[in-house]
Amino acid sequence: MRAEFKNIIDFLSSYLHGKEKAIELTLICLFSKGHLLIEDLPGLGKTTLAIGIAKTLGLDYGRVQATSDLLPSDIIGVSIYNKNTNEFEFKPGPIFNNIILVDEINRATPKTQSALLEAMGEKQVTVDGKTYKLPQPFFVIATQNPVEQYGTFPLPESQLDRFLMKISIGYPSRVAEKEIIKGGSKREELYKIQPFISKEEIIKIQEEIKNVYVSDKIADYILDIVWATRESKYLESGLSTRGTLAIVSTAKTNAYMEGRDFVIPEDIKKLYKYVIPHRVIFKPEYESQKEEIIKTIVESIPTPI
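Just so it is clear, the model here is predicted, and its values are computed rather than measured.

With an omega dihedral of -5°, the bond running from glutamine 136 to proline 137 counts as a cis peptide bond. Inspection of the secondary structure puts proline 137 in the loop between strand S7 (130-133) and strand S8 (139-144). Not every positive phi belongs to a glycine, and lysine 123 is a case in point at roughly 60°. Its location among the elements puts lysine 123 in the loop between helix H5 (110-122) and strand S6 (124-127). Positive phi outside glycine occurs at aspartate 128, with the angle close to 50°.

With their axes 9 Å apart at the nearest point, helix H9 (residues 199-210) and helix H11 (residues 241-257) run at an angle of 110° to one another. One finds that H9 runs roughly perpendicular with respect to H11. Here Ile205, Glu208, Ile209 and Lys210 of H9 lie close against H11, whose contacting residues are Lys252, Thr253 and Tyr256.

A complete count under the given rule lists 16 salt bridges for this structure. As a salt-bridge pair, glutamate 208 and lysine 204 come within 2.7 Å of each other at their nearest N and O atoms. Of this pair, glutamate 208 and lysine 204 both sit in helix H9, 4 residues apart, which is roughly one turn of the helix. Among the ionic contacts, a cluster of salt bridges with common partners joins Glu24, Glu258, Arg260, Asp267 and Lys270.

As a further point, take the pairing of strand S4 (residues 87-92). Across 6 bridges, strand S3 (residues 77-82) lies against S4 in antiparallel orientation. Considered in S4, the bridge of asparagine 82 is made with glutamate 87. Counting the residues in the hairpin turn of S3 and S4 gives 4 residues, including asparagine 86, whose phi is positive at 55°.

Along the chain, glutamine 144 turns up in strand S8. Spatially, the C-alpha atoms of glutamine 144 and arginine 107 are 7.9 Å apart, while their sequence positions differ by 37 residues. Residues contacting glutamine 144, with those up to four places away along its chain left out, are Leu37, Ile38, Glu39, Asp40, Glu104, Ile105, Asn106, Leu155 and Lys166. A distance of 2.7 Å separates polar atoms of two side chains, one belonging to glutamine 144 and the other to glutamate 39.

Pairing is parallel across the open sheet formed by 5 strands, whose spatial order is S2-S5-S8-S1-S9. Strand pairing shows two members of the sheet lacking a second neighbour, strand S2 (61-65) and strand S9 (165-167), which therefore form its edges. Strand after strand, the sheet turns through a mean of 15° between neighbouring axes, direction not considered. Strand direction decides the pairing type here: strand S1 (residues 36-39) and S9, joined by 3 bridges, are parallel. The residue of S9 that forms the bridge with leucine 36 is methionine 165. In the packing of helix H2 (residues 20-31) onto the sheet, contacts are made with S1, strand S5 (99-103), S8 and S9, and the angle to S9 comes to roughly 165°. Contacts from helix H3 (residues 46-56) reach S1, S2, S5 and S8, with the element oriented near 175° to S5.

One finds Leu27 and Met165 to be the most contacted residues of the largest nonpolar core, which totals 67 residues. When residues in this core are grouped by element, the largest group, 8 residues, is from H2. In this structure methionine 165 touches Leu25, Ile28, Cys29, His35, Leu36, Leu37, Thr250, Leu271, Tyr274, Val275 and His278, once residues within four positions along its chain are discounted. Core analysis: the second largest hydrophobic core is formed by 25 residues, Ile95, Met120, Val125 and Phe138 among them.

What counts, and at which threshold
Each residue is numbered by its place in its chain's sequence as written, counting from 1. In view of the model being predicted, local features appear only for residues whose pLDDT reaches at least 70, and side-chain atom pairs are presented and counted only at 80 or more, with totals across whole chains, interfaces and linings using the full set of residues. Hydrogen atoms and water are omitted, and side-chain values are computed over all heavy atoms in the structure. The numbering of helices and of strands both runs from the N terminus, where a helix is a DSSP run of H or I of at least 4 residues and a strand a run of E of at least 2. To define axes, lines are fitted to C-alpha atoms, for helices over the stretch in contact only, and angles between the resulting N-to-C directions are given on a 0 to 180 degree scale. The scheme is simple: roughly parallel for angles under 35 degrees, roughly antiparallel for over 145, roughly perpendicular for 65 to 115, oblique for anything else. Contact between two residues is taken to exist if any of their heavy atoms lie within 4.5 Å; hydrogens are not considered. Each reported salt bridge corresponds to a side-chain nitrogen of Lys or Arg within 4 Å of a carboxyl oxygen of Asp or Glu. Criterion used throughout: strands pair if DSSP finds at least two bridges between them. For this analysis, a polar contact is any N or O atom pair within 3.5 Å, provided that within protein one partner can donate a hydrogen and the other can accept it, and provided that sequence-adjacent residues contribute only side-chain to side-chain pairs. Here, nonpolar core means buried Ala, Val, Leu, Ile, Met, Phe, Trp, Tyr and Cys residues that are tied together by side-chain atoms lying within 4.5 Å of each other. Here's how the labels work: a residue is buried when its accessible area is under 20% of the maximum for its type, exposed when over 50%, partly exposed in between, all with a 1.4 Å probe on protein chains only.

Here's what the structure looks like:
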């Protein structure tokens, strides 16, 4: 793994015991210019992860706690009349940070959830007919509680498809949790972290990742997987073209992080479980077998040599 990524993962692992995988996946998502959805129970380190990523990368950080009465303007911002100038002035909301954590997004109403769509897709927001560009890089980390919990509004397919990856952090191991008990919370220390790289370096790396080579064999392998989801008897609908591009971009980033300038099948096999399942619609009777079905589909495709 390239030194800059390894250093960040190793450093944050001391704050997020046993969460190396979650840290790595978050970095892959950010450097792929995507957005991340984390589905997990409360209290497992989602906020600490977001703060740690922001501080090690030297990025501005904002947080929104989603509730049933949260309004779109609470996220985007609002125009306020200034009596001294006789004009409306736009007061930007927390979305005008490089990294925004939308905590428990599925506790917000669909109207508020949809306010994120333009920002996530176009990297801009429109208020009172005026368009405002968001800072670069721009990365949304949204967390959601399991839909079985009380007071949640399931994210619609159009919103889910905007998230490049969906992951879970999970409980720490017993050994890791013992370290947390002995050391206590270190979240406050995260705010004092000196950045490992600058915003300009992040943007430069994101541009370099675009140049990672995808051969015809790899492109056909990805398309075989995509079409297998579209033709599967277990699915109502398969991957969209946006989903196809998500597989490509995450594979390129993983290749870059591992020091290669070309994609290999292992890049796709490593990440498909975080890129595909939330983008496809399963037939109702197969909802409880999502991971097994996607695994079967991917493994049924011959690996190019």
